[in-house]
Amino acid sequence: MRQITYRIQRFDGVKSFEQEYSFPHQAGKTILWGLIAIKETLDPTLAFTAACRSAVCGACAVRINGQAFLACETPLDGILDRFGDVLTIEPIQNFKVIRDLVVDWEPKARRLAEAKTWLAPKDEFTAREGCRQAAADFKKITGQINCILCGACASECSKLSANADDFLDPFTYSKVWKFIADTRDKSAKERIKAIVDKGLWKCMHCVECATKCPKGLMPNMDISRLRQLSIKMGYTDNPGARHALAFLQDVEATGRLNETKLSVRSMGLLGAMTKFPFALRLVRRGKLNPLHCSGKVKGHEQIAAILKAVRESER
């Protein structure tokens, strides 16, 4: 009979170690079925979380061969076809591991609370009448509502892996956008104020959050929407907003970027001076000519027309 093997990254509270489990293959099963089969027949000490088994609770996210999946809805045969009969199972990353595949959500919950991810009803609503909403308005936020907080987006987030201290989890930004887009909510400005200095402009655009979300959400797009709204609300005194506006200014003026001016406009003169060693290396290698004065690109009028059309569509 065909045997499959799970190599599971385990943690006993002190040390990490890898343990292999081999068991008979059964067609039509899921990754979670394999974990349950190990626990029930081979090793009752194996720890993992799972509840609904229907891709609703989000409890069973794990990493399989270096990528986050929701174990209860991921077909085992599809993964075996992709990676072979030996799979490496790890806890989702960018979380503190409690034991084996079990991670600690408490720090993530605190970060969600800091971002004020709850409804602040408009004054027109009452406890007696409730917060009524038109079906068309509800449909505008159904995507973000489908987030089940499985943590797959946070697990594969390149920014969190580099430094989690100055960036919120991708699902947090999606939650914030959901409430801002909710027609029943009155606290859009407070929500933007709460997150504008918490990494809103530090997303690396790796798009791993979108590609790994089992529900098809796109936290990267929600981050972009939050950035645009923050500028419209006047939160422009930060490097990220200044960089975006300087970028637009250059494209609008000539159709090309002026890297020298872009740095100064984004970080200020003193901030740009800290990048001087890097700029000097670019000059030495012919990558940057600080004396180059370029004119408008060919077809600049078409760029101007596109920008004008975008602005008119946003009115």
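About the cut-offs
Residues numbered from 1 in each chain as written. Predicted model: local features only at pLDDT ≥ 70, side-chain atom pairs only at ≥ 80, totals over all residues. Heavy atoms only, no water. UniProt positions renumbered as here; feature names shortened; annotations may be inferred. Patch = residues over 30% accessible without salt bridge, like charges linked within 9 Å, V, L, I, M, F, W, Y side chains within 5 Å. Areas by Shrake-Rupley, 256 points an atom, 1.4 Å probe, with all protein chains shown as cover. Salt bridge = Lys/Arg side-chain N within 4 Å of Asp/Glu carboxyl O. Helix = DSSP H or I, 4+ residues; strand = E, 2+ residues; numbered from the N terminus. Buried < 20%, exposed > 50% of the residue type's maximum accessible area, 1.4 Å probe, protein only. Pairing = 2+ DSSP bridges.

- Per an unreviewed UniProt entry, the protein is named succinate dehydrogenase, and its organism is Sporomusa sphaeroides DSM 2875.
- Recorded under Sequence similarities (unreviewed entry), the UniProt text for the protein is reproduced unchanged: "Belongs to the succinate dehydrogenase/fumarate reductase iron-sulfur protein family."

With respect to a nonpolar patch on the surface
Step number 1: Residues Val 264, Leu 269, Leu 270 and Met 273 make up a contiguous nonpolar surface patch of roughly 440 Å² in combined accessible area.
Step number 2: Relative to the helices and strands, Leu 270 is located in helix H13 (residues 259–273).
Step number 3: A relative accessible area of 70% means that Leu 270 is categorised as exposed.

A word on the pairing of strand S5 (residues 86–91)
Step number 1: Side chains of S5 alternate between two faces, with Leu 87, Ile 89 and Pro 91 buried and Val 86, Thr 88 and Glu 90 left unburied.
Step number 2: Alignment of strand S1 (residues 3–11) against S5, held across four bridges, turns out to be parallel. Paired with Thr 5 across the bridge in S5 is Val 86.
Step number 3: Here three bridges tie strand S3 (residues 61–64) to S5, and the two strands are oriented antiparallel to one another. Opposite Val 62, over in S5, you have Pro 91 as the bridge partner.

Re the pattern of salt bridges
Step number 1: Tallying each qualifying case throughout the model produces 21 salt bridges.
Step number 2: Residue Glu 20 pairs with Arg 7 through a salt bridge whose shortest N-O separation is 2.7 Å. With Glu 20 in strand S2 (residues 16–24) and Arg 7 in strand S1, this residue pair connects regions lying 13 residues apart in the sequence.
Step number 3: For Arg 7, a relative accessible area of 33% gives the class partly exposed.
Step number 4: Asp 169 serves as the salt-bridge partner of Lys 108, at 2.7 Å between the closest nitrogen and oxygen. Placement of Lys 108 in helix H3 (residues 106–114) and of Asp 169 in the loop between helix H7 (158–162) and helix H8 (170–181) is noted, with a sequence separation of 61 residues between them. As far as the burial class goes, Lys 108 and Asp 169 line up, both buried.
Step number 5: By sharing partners, the salt bridges in this structure join Arg 10, Asp 43 and Asp 100 into a single network.

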